[in-house]
Amino acid sequence: MKILGIETSCDETAAAVVEDGCKVLSNVVVSQIDIHKTFGGVVPEVAARSHIEAILPVVSEAMKPFSWAEIDAIAVTAMPGLIGSLMVGVATAETLALSKQIPLYPVHHVLGHVYASFIGDNQPDFPFIALTVSGGHTQLVLFRDHDDFTVLGQTRDDAAGEAFDKVAKILGLSYPGGPAISEAAKLGDPKKYHLPKAKMQNPYDFSFSGLKTAVLRAVQAEVGKDFTFPSTKLSGLLSDSQRNDFAASFQKTAVDTLVDKLVKAVDEFQPKSVVICGGVAANQLLRSTALERLSSVKLHIPALEYCTDNAAMIATLAYYQSKFTQPVDPAAVEIIPALPLDRLKS
Ligand code: KG4
Ligand code: ZN
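Residues numbered from 1 in each chain as written. Chains lettered and ligands numbered in written order. Predicted model: local features only at pLDDT ≥ 70, side-chain atom pairs only at ≥ 80, totals over all residues. Heavy atoms only, no water.

### Topic: the pattern of salt bridges
As a working rule, side chains carrying opposite charge can pair if their charged atoms are close by.
Piece 1. A complete count under the given rule lists 14 salt bridges for this structure.
Piece 2. Asp205 is the salt-bridge partner of Arg156, the closest N and O atoms lying 2.8 Å from each other. Placement of the pair is Arg156 in the loop between β8 (148-154) and α5 (160-171) and Asp205 in the loop between α6 (177-185) and α7 (209-223), with a sequence separation of 49 residues.
Piece 3. Of the residues examined, Asp205 reaches a relative accessible area of 6% and is grouped as buried.
Piece 4. Within the structure, one salt-bridge network assembled from shared partners comprises Asp158, Glu162, Lys166 and Lys212. (Salt bridge = Lys/Arg side-chain N within 4 Å of Asp/Glu carboxyl O. Helix = DSSP H or I, 4+ residues; strand = E, 2+ residues; numbered from the N terminus. Buried < 20%, exposed > 50% of the residue type's maximum accessible area, 1.4 Å probe, protein only.)

### What about the side chain of Ser134?
Piece 1. Inspection of the secondary structure puts Ser134 in the loop between β6 (128-133) and β7 (138-145).
Piece 2. Exposure remark for Ser134: the relative accessible area of 6% places this residue in the buried category.
Piece 3. Excluding residues that lie within four positions of it along the chain, Ser134 makes contacts with His113, Ala159, Ala160, Gly161, Glu162, Gly278, Gly279 and Val280. (Contact = heavy atoms within 4.5 Å.)

### Let's talk about the coordination of the zinc ion (ligand 2)
Put simply, the ideal angle at a metal is 109.5 degrees for four donors in tetrahedral geometry and 90 or 180 degrees for six donors in octahedral geometry.
Piece 1. Looking at the metal site, the zinc ion (ligand 2) is ligated by His109 (NE2), His113 (NE2) and Asp309 (OD), spaced 2.0 to 2.1 Å from it.
Piece 2. For the zinc ion (ligand 2), the four donor atoms are set out with angles of 95 to 138 degrees between them, so the coordination reads as irregular.
Piece 3. For the zinc ion (ligand 2), the single-chain donor residues occur in sequence as H-x3-H-x195-D. Residue His113 is located in helix α4 (residues 109-115), and its partner Asp309 is located in the loop between α11 (304-307) and α12 (312-321); the two are separated by 196 residues in the primary sequence.
Piece 4. With a relative accessible area of 1%, His113 lands in the buried category.
Piece 5. Assessed through its relative accessible area of 13%, Asp309 is described here as buried. (Donors = N, O, S within 2.8 Å, 3.2 Å for Na, K, Ca; no water. Tetrahedral: all angles 85-135°; square planar, octahedral: opposite > 155°, others 65-115°.)

### Some points on the site of ligand 1
Piece 1. Every one of the 21 residues lining ligand 1 counts as a neighbour, but Gly135, Asp165, Gly178, Gly279 and Asn283 are closest to it.
Piece 2. In this structure, an oxygen atom belonging to ligand 1 sits 3.1 Å away from a main-chain N or O atom of Gly161.
Piece 3. Between an oxygen atom of ligand 1 and a side-chain N or O atom of Asp165, the distance comes to 2.7 Å.
Piece 4. Contact with the protein chains covers 89% of the free accessible surface of ligand 1, which is 550 Å².
Piece 5. Put simply, the parts of the chain that give the shell around ligand 1 at least two residues each are α4, α5 and α6.
Piece 6. At four residues, α6 tops the list of elements feeding residues into the shell around ligand 1.
Piece 7. Considered class by class, the residues forming the shell around ligand 1 number six nonpolar, 13 polar and two charged. (Near = heavy atom within 4 Å. Polar contact = N/O pair within 3.5 Å; in protein donor to acceptor, adjacent residues only side chain to side chain. Areas by Shrake-Rupley, 256 points an atom, 1.4 Å probe, with all protein chains shown as cover. Nonpolar A, V, L, I, M, F, W, Y, C, P; charged D, E, K, R; others polar.)

### Description of the packing of aromatic side chains
Think of a pair of aromatic rings as described by two things: how far the centres are apart, and how the planes are tilted against each other in angle.
Piece 1. By the definition in use, this model includes 13 aromatic pairs.
Piece 2. Considering the side-chain rings of Phe118 and Tyr320, the 5.1 Å spacing of their centres and the 55 degrees angle between planes classify their relative orientation as tilted. Placement of Phe118 in the loop between α4 and β6 and of Tyr320 in helix α12 is noted, with a sequence separation of 202 residues between them.
Piece 3. Geometrically, the ring pair formed by Tyr204 and Phe269 is tilted, given 6.1 Å between the ring centres and 50 degrees between the ring planes. Separated by 65 residues along the polypeptide, Tyr204 in the loop between α6 and α7 and Phe269 in helix α9 (residues 240-269) bring together distant segments of the chain.
Piece 4. Among the residues examined, Tyr204 registers a relative accessible area of 5% and is labelled buried. (Phe/Tyr/Trp six-rings, centres within 6.5 Å; stacked < 30°, edge-to-face > 60°.)

### Considering the environment of Glu12
Piece 1. Following the sequence through the fold, Glu12 ends up in strand β2 (residues 12-19).
Piece 2. As for Glu12 and Gln32, which are separated by 20 residues in sequence, their C-alpha atoms are 6.0 Å apart.
Piece 3. With residues up to four places along the chain from it excluded, the contact list for Glu12 reads Glu7, Val29, Val30, Ser31, Ile33, His51 and Asp309.
Piece 4. One polar contact links Glu12 to Ser31, side chain to side chain, over a distance of 3.2 Å.

### Quick notes on the sheet that holds β2
Remark on secondary structure: sheet strands pair via backbone hydrogen bonds, oriented parallel or antiparallel.
Piece 1. The mixed open sheet is built from five strands, whose spatial order is β3-β2-β1-β4-β5. Every other strand in the sheet has two partners, leaving β3 (23-31) and β5 (104-108) as the edge strands with one partner each. Pairwise comparison of adjacent strand axes, ignoring direction, gives a mean angle of 20 degrees for this sheet.
Piece 2. Relative to strand β4 (residues 73-79), strand β1 (residues 2-7) runs parallel, the two sharing four bridges. Bridge pairing in β4 places Ile6 opposite Val76.
Piece 3. The strands touched by helix α2 (residues 44-63) are β1, β2 and β3; relative to β2, the strand with the most contacts, the crossing angle is about 20 degrees. (Pairing = 2+ DSSP bridges. Axes fitted to C-alpha atoms, helices over the stretch in contact; angles between N-to-C directions.)

Quick look at the structure:
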């Protein structure tokens, strides 16, 4: 079964064809990072306009090796995400489904990140625990089966990727913050600054906004300024070695927080596999720390290209969903900008 996946929920325009939920036959991603870099973050209106320009060339490129008659289904991200961005992908998928008479499956972006771990030959076994860490989401989810999962915990404020992006801004590093912080951290001392780990009532919940503020306060103290000094000017007062030490200390605290909770969940629920997915799963320290501390369980971390937003994960998810859900009417796809995973099944 060949599925064309389409993904436009944030700032990547992507299309891919995946066979039987595991074999990626084509995978095209056009990133808008360079456009948004100048603004220090994603500008929703600019993102939607860029998707409009990119979507048809991206779909054509992904479809180049195939005729439409070979495509058994179309999958599209319809939730959650930026409304204008989602609309471009959904309108494209609806039009293709109607005009080519192909069944259409709208899917959930965050579940898509989890299903990136099903790409390839080595799929996770049920039950598994997934740590989803992206720019918009941070969640621990227990999957008993494809259609049976429970959200164990999630962030109460900033997502992990958002914390990387915001701390990078404080340190004067470029957007997106994750890769910039990891690069700077390579030259820094992770023990230089002691940063707090939030204690939560539900041990599987996360909070990263306090960590971001702790970095801000520590930078202010280090350069001898108080909260009245504009935070956008602080980074200009940091030396390269201070900046690298802050990056390394923040990265270590964020990664330890994520892995501590994952280890606790593994101890309690004894899953057969563990999945780490989403853009932050590209982080090398997170990958190596998880490998080291979860040596007794099968660990699945998607290849780097399937950690950040892509459409192969969307097609893969639809392959499994098509086994227990019906395709939808292409004239009536519901776009839902905010839909937490635990409300998906209502
Ligand atoms: O999954 P993704 O591509 O988009 C969303 O669905 O949000 O994740 C993007 C996030 C950004 O916040 C970015 O800073 C973070 O993933 N990221 C990283 C790394 N690469 C990307 N965070 C830490 N380390 C990285 N190497
Ligand atoms: Zn994502």
